[in-house]
Each structure stands twice: as structure tokens, then as C-alpha cells.
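This is what each chain is made of:
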Amino acid sequence: MTPAQRARLRKAAWPVGIVVAAAVAVVWCEAAGWPFLEGPAQRQLSQRLQRPVQFGEHFRLKLFGSIRLDTDALRVGAPQGLPSDSPLGGNLLGARDVHLELPFSTVMNLLRSRHDEPPRITSLRLEAAQASLKRLADGRANWTFGAPHPAAADQPFDMPVVDELVLRQGHVTYDDAVLKSSLDATVSTSEGRTAQGASDAGLAIEGRGKHENQPFEVHVHSAGVLPLVARDHAARVPITIRLIAGDSRFSFDGTGTDVLSFEAIDGAATLSGPSLAKVGDKLGVTLPTTEPFTLKARLTKSGPLWSLKNADLAVGDSRLAGEFSYDRSAKVPMLTGELGGPRLVLADLLPAFGAARPGTGNPKPPPGHLLPQREFDIPSLHRMNARVKLRLQRAELGTLFREPLAPLQGDLSLDGGVLAIDKLLARAAGGELKGSMSVDPNNAVPQWRADMRWAGIDLDQWLRPRNRTSQVAKPSGENPGYVTGKLGGHAQLRARGRSAAQVVGSADGTVQMWVRDGTVSHLAVEAAGIDVAQALGVYLIGDNPLPMQCAVVKADAKGGKLTPEVAIVDTKDSTLLVSG
């Protein structure tokens, strides 16, 4: 080798040596766990998160492939710059024996101060941890990373996406003045890859808390791998949920993919409570005030879409069914579906109009008043929009009627607070009823409208009271009714008000009714004419139905008062005129 060649070799060996030395150093540092990075890492995390971050005495860091940290202790404090007496003070997280694995993308987003998406954590294992989550009424929260600033006042916080979570013993406290909720819970898991095949693999959450000053209990258990927040294609595992809040109960038995967002949840659910409205208020769903209820259905969720399938609802004496979807992705959530079922008892809907019933919270009308005075929950009409088809097999009207409305159908809509039932159709006793109803709350006083028509209803078949003094019996041997014939009519009414009493007391419009091919009890005609002696004679010797030559009523409603314009019942025996 010539001197020139040796010189070139020595010149080339320097960079190679430097690279080899650097590689050896990196390998040694990786094997040693980069101990000299503990201080800089604490300072960088504290600066970026705007809160103190402190590791324990044992610190070991790995950077090949992904970032992996092992430490015997980890403390994440409160946001910096808070007054010493701030309710947001105290540690956000305190943990021991921590293993943390992060993808480089999460670290890069943190270094760039990007908070447009929740951070992803590949693996988080803790022997013990205690977390304290707090948010004040002005929106400031101790979980907001970066410089303190008001959080979105109506939004929950974004938890990190954790692919593997192992927490042997955990304690979480949550106090949110915005959502008026608090929770104190213990959490334990044996999740993720380390738990595969383990007999005790699963998650257990046991907690107590309050929502709007109402206490509740929550119990969540999974029988397999269940991440904190799932990946897009996470495997489903068995999960059970039990929630108790006062007189309300919720249970779920099925499968899911994660704890917090319940992605791809699918299973049997049961919900019961004192009133649909009270439970709906907690869920953000507009529902009527009812008597105690029990709902059983298959509950599923895909993204923001919740679905109830094969729903079976018992409210009072009513037995309803249906399928519904609730989409929370829109600015105003949308409820769609179909409500059916074998039996609706209209009396079970009276609490929605303020009638006093046990468990509804509706007060009795004050002395001297018949109609309910309780105001309707008008603001709840703006909580969501809805498109629901009503397809009820039968609707029972009460003891006065022999036959129900069968079927009862219509299209219910809720749009911008306006609640309407269109294409209303009901059949009873050979006749039918059609029309529409609506309430518009977008005024100083809510506006109510109804336009109803009915025709061909056989009164003898429809009404229950029987004329036991009649001398004429039907072929079946049954006594006839006091009034027979085909009933028709048309009502157009407008009203204003926030309670049933106000609505009835402000009704304006017209009401028309007529009876064709009918008869009326002789006893009823004489009693209506206040001919007591002749009515008593008819009662003693027996009653005969009188054919009605004309039976018409046309009345005007004004300010809740109904004034007959025409009201006449004409028979060969008497002519009855009504006024007043």
C-alpha cells in the first residue's frame, strides 16, 4: 500500500469511526435506558403540558421502534399559574410502577402543541394510580393540556386513545360543574396483551356519584380484553353495565369494544323509571311525562348513531313496541323510527298534559279547578328533532266506549321545536277519524292547532251505556244504546297556553256534529226537556226509541267558551233546542 493510499484510508476512517462510535453510544444508551434524559424529559413535558411532570427514582427509556418508558413513580400536577387556593389544584395523576408506550406521532403532535385530536397511547400499565378530574362552571378544567384556557362548556373532555390498559388498582374522582356531575370510582383491569388467556382478564368499575344532585351507582364489568377507548377495529368483548339512580334502573348485557365511548356496543338493555320524561331529561331526549315504565330492547351503537331494536315498552296499562335510531352527529340530534304495539291506553298519556299521577311530580289542580295547571316542558321541544311513524294496533279511550280506536296511525314530527302529528287516521265502530294536530312554541305563548274530521261511527256499537228500560231488544238480546245512528263531524280549533287549563281556556274555532239514520231514547228526550212526570212514566212502563228526523250541532268556540249556533234534535214526539 502506497503512502497516498494509506493517507486516503486514514482520512476515510475518521468519519467511519465517528459513525461507529456514535452507533455504539446509541446502542449503549438504549441498553442503559437513556438515564441522562430524565431531567430534560421532565422539563420538556412540564413546559409543553404547562404543569409539573415528575418521574420516580427509577427511570428507563427506550427509543427504538417506539417510545417506551418505565418508572417506579409518575406525578402529573395541576395546571401552572393557578392561585394556591384554586379548586383545580392538586395532582391530576399519581401512579407507581408505570410502563408507558407511545408512537412517535403522539410525541410529535405534543411537541408541535397540536390538540386537534386525542393523543394515542399504545400501552399503559400501572400497578396503582389515582386520578382527580375537575372542571369549574366557567369551563376551566385541570385536564386541559397547554396554557390554562376555558374549555368548551358543553363538551366532555377528550380522553387519550389507549390500545392496552393494565391497572391493578385505581381510584378516580371526577367533579364537573358544567355537567353537574361527580363520580368516585375504583377501577381495576387485567387488560391487553398481558391478559390474553388469563382467567381474570377484564375490567371492573365500581362507583358512586351525583348528577344534578341526584345520587347514582355505576357498575361496569367486562369478561375480556376491553380498552379504555377502542381502535377502529378493536375486538368485541362481553360487557355488563348496571346503573342505579333513585327510582331509575338501567342494565346492559352484551358486547362492546371500549369503556368510554361504547363503540360498537350491542346487547340486551332494560331501562325502568318513574317517568319517561325524567329519564329523557338525563339522556337529552324529549319524551312525555308518563306513569312508571319499563323498556326492554336490543341496544346498539355505531359511531354517533344509537339504535333501539325490538323495543318492548310497558307504561301503565299500555303495551307498546317499536324500533328507533338516535343520531347525535347533527347540530340538533335526530330521532327516527316507528312506534307500534298492541295496546295504548290514552289515560296513560294524561300525565303528559299535567294530570296528577303517582311518581310524575304533577300537582293536583287547586281547589275550584278541574283542569291541570302544571306548565308543559316547552324548552325540551328544542332539544332534538324527530320523525316517528305511529302505527298502533289499538288505542283504548276509556270506560264510556265499547270499542277502541283500531288502528291508530299518524306521522309525528318535531322540527325546530314545532311538534306535529299529521296524517292522523283512526277507525272505530265502522267509521273513521282523520286530521292533524300541532303545537308551535316559537312565540311568546305556545300556539296549538287541531283540525279533525270523523264520519260513519256507529254510536250504538261504539258507546257503552245501555238503555235497560227499553221495550225493544236487539236480535242478540242486548239492550240498545240511548242514542244510535252514524256520527259525523268536523272540529277546527286554535288555542294558546303553557298548560292544559290555559289551552282549554283559550280555545277558538268551530265544532260541528251530526247523526244520520239514528234513534234516541224517549226517556232521554223527556229528561232533556225537563218533563219529570212524563220521564218517570216512561221509566216505569218502558222506553221506546224515537227515530231522529234531524240531529245537528254547530257551535263556536271563543276564549274557551262553546256557544251553540245551531243545536237541534227533532223527533216525531219532540223537538229539542239547545242554547247557552
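K.L.:
Would you mind going over the overall build of the protein chain with me for this structure?
P.N.:
The number of helices and strands found in the protein chain is eight helices and 29 strands. Split into buried and exposed, the 580 residues of the protein chain put 40% on the buried side. Pairs at least 24 residues apart make up 52% of the contacts formed inside the protein chain by residues separated by at least 6 positions. Total accessible area on the protein chain stands at roughly 31,200 Å², and carbon and sulfur atoms take up 59% of it.

K.L.:
Just to check I follow, could you spell out the environment of Ala185 for this structure?
P.N.:
Tracing the sequence through the fold places Ala185 in strand β9 (residues 181-189). The class for Ala185 is buried, based on a relative accessible area of 2%. For the pair Ala185 and Val172, spaced 13 residues apart in sequence, the C-alpha separation works out to 5.3 Å. Among all residues touching Ala185, those that are not within four sequence positions of it are Gly170, His171, Val172, Ile205, Glu206 and Gly207.

K.L.:
Looking at this model, I keep getting lost on the pattern of salt bridges. Mind explaining?
P.N.:
Pairing between side chains of opposite charge can happen when their charged atoms approach one another. Applying the stated criterion across every chain, the model contains 16 salt bridges. For Arg496, the salt bridge goes to Asp508, with nearest N and O atoms at 3.8 Å. In this pair, Arg496 is assigned in strand β25 (residues 483-496) and Asp508 in strand β26 (residues 508-521), connecting sequence segments twelve residues apart. Classification of Arg496 as partly exposed rests on a relative accessible area of 38%. A single network of salt bridges, built from pairs that share partners, joins Arg343, Arg394 and Glu396.

K.L.:
I keep staring at the layout of surface pockets and nothing clicks. Help me out?
P.N.:
If a probe the size of a water molecule is rolled over the atoms, the empty space left behind becomes visible. Within this model, the second largest pocket holds a volume of roughly 310 Å³. As for the second largest pocket, its lining consists of 16 residues, and the residues nearest its centre are Met513, Val515, Ala551, Val553 and Val569. Put simply, the parts of the chain that give the lining of the second largest pocket at least two residues each are β25, β26, β27 (545-558) and β28 (561-571). For the lining of the second largest pocket, the element with the most residues is β27, which contributes four residues.

Rules of the game
Residues numbered from 1 in each chain as written. Predicted model: local features only at pLDDT ≥ 70, side-chain atom pairs only at ≥ 80, totals over all residues. Heavy atoms only, no water. Helix = DSSP H or I, 4+ residues; strand = E, 2+ residues; numbered from the N terminus. Buried < 20%, exposed > 50% of the residue type's maximum accessible area, 1.4 Å probe, protein only. Contact = heavy atoms within 4.5 Å. Areas by Shrake-Rupley, 256 points an atom, 1.4 Å probe, with all protein chains shown as cover. Salt bridge = Lys/Arg side-chain N within 4 Å of Asp/Glu carboxyl O. 1 Å grid on protein atoms, 1.4 Å probe; cavity = no way out; pocket = protein on both sides within 12 Å on 5 of 7 lines; lining within 4 Å. Points joined across faces, edges and corners; volume = space filled by probe spheres on them.

Keep in mind these numbers describe shape, not what the thing actually does.
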